[in-house]
Amino acid sequence: MMRKLLLALALGFSMSAMGQVLNVTSIDKVTLPDKASVAAISPQGDYLLLTSATNQGLVKYDLTNGESQTLSTAPSAGHNVKISPDGQTVVYREGSFNDKHLRLSTLKSVNLSSGASQILVKPTRDLQGYSVDATTAGAVNKGKFSSKAIGSAKAQKLPVLSINRGQLMITLNGKTRQLSPNGTEYSYMWPSLSPDGTKVLFYQAAHGAYVCDLDGKNVRKVGQMRAPIWYDDNTIVGMLDKDDGEFIYASTIVAATLDGKTQVLTDDSTIAMYPHATTGKIAFSTPAGEAYIINVSTK
């Protein structure tokens, strides 16, 4: 415990802020068929989506029986993957190049049960963000919103967070506007909506993770964590990584509540990076291509 406290202090947490946010029951290493990075964990916690260290390809890995299913071999397929709430549909991008050697992105979906796939957004230079719910995939392409039904459902106008030239944008009721709550002089990354859809989480480059309301007001700093994600409506999980300018030599997974409590979930025995969460489970990767799951419960 003392080692965790010392590490937390070194990474920017104050002693007064430390407290139990989640109850860690175990941290289990996942036996993978090959080295990989975790791209997502299903809402039900029964499978992982795996990719390479460079986000090439996408593989479903069943945590129950260890079976693998290749969904894509394309570049960028492992970047910012979305899974529908029932765990049956995966939405991902595929990278390609046009005849002028410019990079394009195609937004696709695949139904894991039937294997049926859809092209949601045709190859484009400006796929800025997308979101998924039970029936719809909504995307912002070149600043414009579009939605497409998943399967036979009727498409809805989903809220979408996107990044345009480093600025944080929000699309509500099909209309996109700039949000950038801390000012346009900063760059924004890793935006996401809270599970209840009322708050925005984002990372401000070199400053840390913040939460605000949908109108950009009531901005609160969560901490220095990078790659922040929602665990629930009140809890954020992210990573505190340290590098020497070239290599990351230390990283821990941390949790924080919106009222200021923080907790280090992993120790310095692993370089724990890029968490992905669902109720009761937080998955993370290491630079060595290993995957772990932190089993947690709320207090």
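Notes on the structure follow. (Residues numbered from 1 in each chain as written. Predicted model: local features only at pLDDT ≥ 70, side-chain atom pairs only at ≥ 80, totals over all residues. Heavy atoms only, no water.)

### Concerning the overall build of the protein chain
On a plain count of helices and strands, the protein chain comes out with one helix and 26 strands. Based on the C-alpha atoms only, the size of the protein chain along its principal axes is roughly 55 × 45 × 40 Å. Across the 299 residues in the protein chain, those meeting the buried criterion constitute 48%. For the protein chain, restricting intrachain contacts to residue pairs at least 6 apart in sequence, the fraction spanning at least 24 positions comes to 37%. Accessible surface computed for the protein chain: about 14,300 Å², of which carbon and sulfur atoms make up 49%. Charged side chains of the protein chain number 29 positive and 24 negative; the gap between the two group centres comes to 8 Å. (Helix = DSSP H or I, 4+ residues; strand = E, 2+ residues; numbered from the N terminus. Buried < 20%, exposed > 50% of the residue type's maximum accessible area, 1.4 Å probe, protein only. Contact = heavy atoms within 4.5 Å. Areas by Shrake-Rupley, 256 points an atom, 1.4 Å probe, with all protein chains shown as cover. Lys, Arg positive; Asp, Glu negative; His and termini not counted. Charge placed at Lys NZ, Arg CZ, Asp CG, Glu CD.)

### As for the pattern of salt bridges
Under the criterion given, the structure shown has four salt bridges. Measuring nitrogen to oxygen at the nearest pair gives 3.1 Å for the salt bridge that ties Glu290 to Lys29. Here Glu290 is found in the loop between strand 25 (281-285) and strand 26 (291-298), whereas its partner Lys29 is found in strand 1 (residues 22-30), with 261 residues between them in sequence. (Salt bridge = Lys/Arg side-chain N within 4 Å of Asp/Glu carboxyl O.)

### Remarks on the packing of aromatic side chains
Summed over all chains, the structure comprises four aromatic pairs. Pairing Phe284 with Tyr292 gives two aromatic rings, centres 5.2 Å apart and planes at 10 degrees, and the pair type is stacked. Like Phe284, the residue Tyr292 is buried in the burial classification. Above the face of the Tyr47 ring, Lys60 is positioned so that its terminal group lies 5.1 Å from the ring centre. The aromatic ring of Tyr130 is capped on one face by Lys82, whose charged end is 6.0 Å from the ring centroid. (Phe/Tyr/Trp six-rings, centres within 6.5 Å; stacked < 30°, edge-to-face > 60°. Lys NZ or Arg CZ within 6 Å of the ring centre and 35° of its normal.)

### A closer look at the pairing of strand 16 (residues 188-193)
The side chains of a regular strand alternate, first on one face of the sheet and then on the other. As judged from the four bridges shared by strand 16 and strand 17 (residues 199-204), these two strands associate in the antiparallel manner. Paired with Met189 across the bridge in strand 17 is Tyr203. With antiparallel pairing between neighbouring strands as the criterion, strand 16 and strand 17 make up a hairpin whose turn holds five residues, including Gly197 at a positive phi of roughly 75 degrees. (Pairing = 2+ DSSP bridges.)

### Comments concerning the sheet that holds strand 12 (residues 144-149)
In space, the three strands of this open sheet follow the order 10-11-12, with antiparallel pairing throughout. The sheet is open, and its two edges are formed by strand 10 (127-132) and strand 12, each paired on a single side. Strand after strand, the sheet turns through a mean of 20 degrees between neighbouring axes, direction not considered. Relative to strand 11 (residues 136-141), strand 10 is paired through five bridges, and the arrangement is antiparallel. Residue pairing across strands places Gly129 opposite Val140, the latter belonging to strand 11. (Axes fitted to C-alpha atoms, helices over the stretch in contact; angles between N-to-C directions.)

### Some thoughts on the environment of Val160
The topology assignment puts Val160 in strand 13 (residues 160-164). Under the relative-accessibility criterion, Val160 is labelled buried at 1%. C-alpha separation for the pair Val160 and Thr171, spaced eleven residues apart in sequence, amounts to 5.0 Å. Not counting the four nearest positions on each side in its chain, Val160 is found in contact with Gly129, Tyr130, Ser131, Gly138, Ala139, Val140, Phe145, Met169, Ile170 and Thr171.

### As for unusual backbone geometry
The backbone of Arg165 shows a phi angle near 55 degrees, a positive value even though the residue is not glycine. Looking at the element boundaries, Arg165 is found in the loop between strand 13 and strand 14 (167-172). Judged by its relative accessible area of 82%, Arg165 is exposed. Positioned with a positive phi, Tyr274 is a non-glycine residue whose angle comes to about 45 degrees. Within the secondary structure, Tyr274 sits in strand 24 (residues 273-278).

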